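Chain residues, written in single-letter form:
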Amino acid sequence: MEKPFGKNDVTSEELRSEVEEQKALQHLKDKGIEEPDRLLESYLVRISEGMSLLESKGRRYPWRSTDSLYRIYITEILLQRTRGESVNKIYRDFFQAFNKPEELYRAEEREIRDEVKSLGFVNKRVKTLQSASEMLKENGFEVPEEREMLMRPWRVGPYVANATLLFGFDKSIELIDTNIAKTVEELLNYPLPRVPHKDKEFRCFMRHLTPESPKIARPYYFAMIDFELYEEVIKEE
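Residues numbered from 1 in each chain as written. Predicted model: local features only at pLDDT ≥ 70, side-chain atom pairs only at ≥ 80, totals over all residues. Heavy atoms only, no water.

1. Some points on the overall build of the protein chain
Part 1: Of regular secondary structure, the protein chain possesses 15 helices and zero strands.
Part 2: The C-alpha atoms of the protein chain give 18 Å as radius of gyration, which agrees with the globular expectation for 237 residues (18 Å, within 12%).
Part 3: C-alpha atoms of the protein chain, sized along the principal axes, occupy 55 × 35 × 30 Å.
Part 4: Sequence-distant contacts, at least 24 apart, represent 68% of the contacts inside the protein chain between residues at least 6 apart.
Part 5: By element, 43% of the accessible surface of the protein chain is carried by carbon and sulfur atoms, the whole surface being about 12200 Å².
Part 6: Charge centroids of the protein chain, computed over 39 positive and 45 negative side chains, lie 5 Å from each other. (Helix = DSSP H or I, 4+ residues; strand = E, 2+ residues; numbered from the N terminus. Rg over C-alpha atoms; globule rule 2.2 N^0.38 Å. Contact = heavy atoms within 4.5 Å. Areas by Shrake-Rupley, 256 points an atom, 1.4 Å probe, with all protein chains shown as cover. Lys, Arg positive; Asp, Glu negative; His and termini not counted. Charge placed at Lys NZ, Arg CZ, Asp CG, Glu CD.)

This is the structure in structure tokens:
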């Protein structure tokens, strides 16, 4: 992949044309948020600024530049409840040990355990990886494009499935994790539900805010995931 961050040179006006602005505005009004027009405009400006910094300041994790659906899917599983820096430290060794889904499927439990032990939650992580490898075997050792299939393995939820569809299959789809939800809360004065990724209303709102073009949705969500990093750079400039 020549440009891991996709089309990141997007102005706030271009970004505005990619999202469902009126639906997003109506949602903010329904939530009783003051000055929704100003907040949404500021939100689009700041996210587009973050996107513009991806090439020079973005975290260049190897899974952000691979075309391997297998590596993208398994890495998203490894990233559950885990910092990117921690996964980055084991990424090379893990995929040297299990370069293909067939190798992960045939691996002994202790072999998988040895590769992921530094990440913590080892028993749960091993069980999830084994479950994922079994699903891949059922699918001819290919990563499925169906969301429900991606979520079939034990403890694999909507974020992993949606991230795989967006970053692997180039499908424009909403992503919700802790960092993304906090970015929305901060920039839009949004009152977050207790569990954002399980809240139907919030998921609907995020669909309104997701760019229609996958090439733009990709860097859009990278900028949101790493928003704190880019915000610091923008303030310094």
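2. Observations concerning the packing of helix 8 (residues 109-116) against helix 9 (residues 122-138)
Part 1: In the contact formed by helix 8 and helix 9, the axes pass within 10 Å of each other and the chain directions differ by 120°. Judged by the inter-axis angle, helix 8 sits oblique to helix 9. Here helix 8 and helix 9 pass one another in a crossing that is right-handed. Only Val-122, Asn-123, Arg-125, Val-126, Leu-129 and Gln-130 of helix 9 make contact with helix 8, whose side of the interface consists of Glu-109, Ile-112, Arg-113 and Val-116.
Part 2: Split by residue class, the contact of helix 8 with helix 9 holds five nonpolar, two polar and three charged. (Axes fitted to C-alpha atoms, helices over the stretch in contact; angles between N-to-C directions. Parallel < 35°, antiparallel > 145°, perpendicular 65-115°, else oblique. Left-handed = near helix turned anticlockwise from the far one by under 90°. Nonpolar A, V, L, I, M, F, W, Y, C, P; charged D, E, K, R; others polar.)

3. Quick notes on the packing of aromatic side chains
Part 1: This structure, assessed with the given rule, holds 13 aromatic pairs.
Part 2: A centroid spacing of 5.9 Å and a plane angle of 90° characterise the contact between Phe-5 and Phe-222, whose relative ring orientation is edge-to-face. Of this pair, Phe-5 sits in the segment before helix 1 (12-18) while Phe-222 sits in helix 14 (residues 214-225), and the two are 217 residues apart along the sequence. Residues Phe-5 and Phe-222 agree in their burial class; the two are buried. (Phe/Tyr/Trp six-rings, centres within 6.5 Å; stacked < 30°, edge-to-face > 60°. Buried < 20%, exposed > 50% of the residue type's maximum accessible area, 1.4 Å probe, protein only.)

4. Comments concerning helix 12 (residues 178-188)
Part 1: Within helix 12, the full set of buried residues consists of Ile-180, Ala-181, Thr-183, Val-184, Leu-187 and Leu-188. For helix 12, the angular spread of buried residues about the axis comes to 155°, placing them on one side.
Part 2: Where helix 12 begins, one side-chain oxygen reaches toward the backbone nitrogen of Asn-179, 3.2 Å away; that side chain belongs to Asp-177.
Part 3: At the C-terminal side of helix 12, Asn-189 shows a positive phi close to 50°. (Arc of directions from axis to C-beta. Polar contact = N/O pair within 3.5 Å; in protein donor to acceptor, adjacent residues only side chain to side chain.)

5. Structural notes on the nonpolar core
Part 1: By size, the foremost hydrophobic cluster in this structure holds 77 residues, and its most contacted members are Tyr-43, Tyr-73, Ile-74 and Leu-188.
Part 2: By residue number, the principal contributor to this core is helix 14, which donates eight residues.
Part 3: Ignoring anything within four residues of it in the chain, the contact list for Tyr-43 reads Leu-187, Leu-188, Leu-209, Tyr-220 and Met-224. (Core = buried A, V, L, I, M, F, W, Y, C linked by side-chain atoms within 4.5 Å.)

By themselves, these figures tell us nothing about what the structure is for.
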